[in-house]
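# Residue-level structure breakdown
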Amino acid sequence: MRFATQCVHAGQTPDPSTGAVMTPVYFTSTFAQRAPGDHDGYEYARVHNPTRTALEGNLAALEGAAHGVAFASGVAATDAVLKGLSAGDHVVATNDLYGGTYRLFTQVYERFGLTFTFADLTDPANLEAALQANTKLVWLETPTNPLLRILDIARLADIAHAAGADVAVDNTFATPMLQQPLALGADLVVHSATKYLGGHSDVILGAVLTSRDDWNERLRFQVKSTGAVPGPMDCFLVLRGTKTLHLRVERACANAEKIVAFLADHPKVGAVLYPGLPSHAGHDVAKRQMARYGAIVSFTLKDDRVETAHALMSRTNVFTLAESLGGVESLIEHPASMTHGSIPADVRRAAGLSDSLIRLSVGVEDVQDLIDDLSAALDTV
Ligand SMILES: *Cc1c(COP(=O)(O)O)cnc(C)c1O
């Protein structure tokens, strides 16, 4: 099956007991057994739930993975990967990272004896320098959030594997429609399905996709032992979301490209960060490893003050001022005071995240309404 067909069908068959075309929401905590141990693979819903199984099959297919494991949130999915490591292990992570991932690594896992090196992995030489004898995992995110830097997944995976480390890629921003990390050599793909996969800003859910049987076992063990599982209704909502993933992402990318062109020409706009721009430092790698450049756009204002950025953001009407991304509706936010507020200011600035940076998550509305909205707000600042 090709990608669009997988979006609609993978993991799902009409319900065997009724023929229901949509996967039922199995609201049950336990399953009847014919005799002790004689059942159809479902015993207790922390371990398995049929709605979740359908979602896991769907997401695995989209990423070209043999296994999919769903979690209660993107952060819980990241957490489950980290729990597959042991005290004394070392992790190298990109330094331009989702704020919650940075917080989990530094404020939770450092206390449990994992050590982390954060490096600018846009230069693969920095990975070689950061690797240690005990490095077990390399954590990548590309495009990065919110600076939209591009990491060369294939190159970094080669370097990590040569040193005996596994590679996880947070593919939330790109979605499997635009980028397939497993095909580029990664061992694990992590998603916040809260974003594009769900796509309607109505659910929190995460997943890890892998073709490695050993990692699948480790993750399944985490599901059973630490229990951060999504409820069946949440699984249903994401399953419904992925049915239109290809349509939504295509439209959002087309809108983003037009907004980038508008911003790049605007006299009050400073830098526009978008991997689709030939001037973007990661453009050539992005062109190689992505089908399109995504629908997240960051930019700065020539008037580089926080107050000006705040003023602009409170004056849009179609763009809603809110955290998160990847829904059908367009959002605008200020990373330094919102999504990335938990990263210390000096660390944030050292990574190149200026205080006046604005991030857009471009949705699927009529692009002219989005441009008019930004234009009117820019006129007031
Ligand atoms: C939102 C997000 C997460 C965390 O996911 P939740 O579903 O909010 O727990 C992780 N990585 C990236 C890139 C995200 O945008």
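In terms of regular secondary structure, the protein is built from 14 helices and 12 strands. For 381 residues, the compact-globule estimate of 2.2 N^0.38 gives 21 Å, and the protein sits close to it at 21 Å. Buried positions account for 54% of the 381 residues belonging to the protein. Looking at the protein alone, contacts between residues at least 24 apart form 74% of all its contacts between residues at least 6 apart.

Let us now look at the pairing of strand S12 (residues 358–361). Burial along S12 is two-sided: Ile358 and Leu360 and Arg359 and Ser361, pointing in opposite directions, are all buried. Where strand S11 (residues 331–333) meets S12, 3 bridges bridge the pair, whose relative direction is antiparallel. The partner of leucine 331 across the bridge, within S12, is serine 361.

Each aromatic ring pair is specified by the distance between its two centres and by the angle formed by the two planes. Considering all chains together, one arrives at 7 aromatic pairs under this definition. Judged by centre distance (5.4 Å) and plane angle (40°), the ring pair of phenylalanine 31 and tyrosine 42 falls under tilted. In this pair, phenylalanine 31 sits in the loop between helix H1 (3–9) and helix H2 (50–62) while tyrosine 42 sits in the loop between H1 and H2, placing the two residues 11 residues apart along the sequence. Judged by relative accessible area, tyrosine 42 falls into the partly exposed class, the value being 22%. Ring geometry for tyrosine 109 and phenylalanine 112: centres 6.4 Å apart, planes at 50°, overall tilted. Its relative accessible area of 52% is what places phenylalanine 112 among the exposed residues. Chaining the aromatic ring pairs together yields one cluster made of Tyr102, Phe105, Phe116, Phe118 and Trp139. Positioned above the aromatic ring of tryptophan 215 is the side chain of arginine 218, whose terminal nitrogen or guanidinium carbon lies 4.0 Å from the ring centre.

The subject of this paragraph is the site of the ligand. Taken together, 13 residues surround the ligand, and among them Val75, Asp170, Ser192, Thr194 and Lys195 come closest. Within the side chain of serine 192, an N or O atom sits 2.8 Å from an oxygen atom of the ligand. With respect to the ligand, the side chain of threonine 194 contributes an N or O atom lying 2.6 Å from an oxygen atom. Coverage of the ligand by the protein amounts to 93% of the 380 Å² it exposes when considered alone. Among the cavities detected, the one that contains the ligand is the largest pocket.

The next point concerns the nonpolar core. The biggest cluster of nonpolar side chains holds 82 residues, and the ones touching the most others in it are Val138, Ile259, Leu263 and Leu360. Looking at which element gives the most residues to this core, the answer is helix H10 (residues 245–264), with 9 residues. Residues lining this core come from more than one domain, with at least three contributed by each of domain 1 (3–242) and domain 2 (245–379). Those residues within four positions of valine 138 in sequence are excluded, and the remaining contacts are Val92, Leu121, Leu127, Leu131, Ala160, Ala165, Asp166, Val167 and Ala168.

All right, on to the pattern of salt bridges then. Enumeration according to the criterion identifies 13 salt bridges in this entry. Notably, a salt bridge pairs aspartate 166 with arginine 212, separated by 3.0 Å at the nearest N-O pair. Linking aspartate 166 in strand S5 (residues 166–170) with arginine 212 in the loop between strand S7 (206–210) and helix H8 (213–226), this pair joins segments that are 46 residues apart in sequence. Under the relative-accessibility criterion, aspartate 166 is labelled buried at 13%.

Once that is clear, we can look at H10. The end-to-end C-alpha separation of H10 is 28 Å, in line with the 28 Å expected for 20 residues at 1.5 Å each. Buried residues of H10: Leu245, His246, Arg248, Val249, Ala252, Cys253, Asn255, Ala256, Ile259, Val260, Phe262 and Leu263, and no others.

A few words now on the domain arrangement of the protein. Domain boundaries assigned for the protein yield domain 1 (3–242) and domain 2 (245–379). The C-alpha centroid of domain 2 is placed 26 Å from the C-alpha centroid of domain 1. Interface area for domain 1 against domain 2, summed over the two sides, is near 3,200 Å², with a carbon-plus-sulfur share of 64%. The interface formed by domain 1 and domain 2 contains 1 salt bridge. Of the charged contacts, one joins aspartate 152 and arginine 288 as a salt bridge, the two residues approaching to 2.9 Å between their closest N and O atoms. Applying the counting rule to domain 1 against domain 2 returns 14 residue pairs in polar contact (both at pLDDT 80 or more). If you list the elements that add at least two residues to the side of domain 1 that touches domain 2, you get H1, helix H4 (99–108), helix H7 (175–178) and helix H9 (232–242). The class makeup of the residues in the side of domain 1 that touches domain 2 is 22 nonpolar, 12 polar and 4 charged.

About the criteria used
Residues numbered from 1 in each chain as written. Predicted model: local features only at pLDDT ≥ 70, side-chain atom pairs only at ≥ 80, totals over all residues. Heavy atoms only, no water. Helix = DSSP H or I, 4+ residues; strand = E, 2+ residues; numbered from the N terminus. Rg over C-alpha atoms; globule rule 2.2 N^0.38 Å. Buried < 20%, exposed > 50% of the residue type's maximum accessible area, 1.4 Å probe, protein only. Contact = heavy atoms within 4.5 Å. Pairing = 2+ DSSP bridges. Phe/Tyr/Trp six-rings, centres within 6.5 Å; stacked < 30°, edge-to-face > 60°. Lys NZ or Arg CZ within 6 Å of the ring centre and 35° of its normal. Near = heavy atom within 4 Å. Polar contact = N/O pair within 3.5 Å; in protein donor to acceptor, adjacent residues only side chain to side chain. Areas by Shrake-Rupley, 256 points an atom, 1.4 Å probe, with all protein chains shown as cover. 1 Å grid on protein atoms, 1.4 Å probe; cavity = no way out; pocket = protein on both sides within 12 Å on 5 of 7 lines; lining within 4 Å. Sits in = over half its atoms within 2 Å of the grid points. Core = buried A, V, L, I, M, F, W, Y, C linked by side-chain atoms within 4.5 Å. Domains from an automatic or database assignment. Salt bridge = Lys/Arg side-chain N within 4 Å of Asp/Glu carboxyl O. Expected span 1.5 Å × (residues − 1). Buried area = accessible area lost by both parts, 1.4 Å probe. Nonpolar A, V, L, I, M, F, W, Y, C, P; charged D, E, K, R; others polar.

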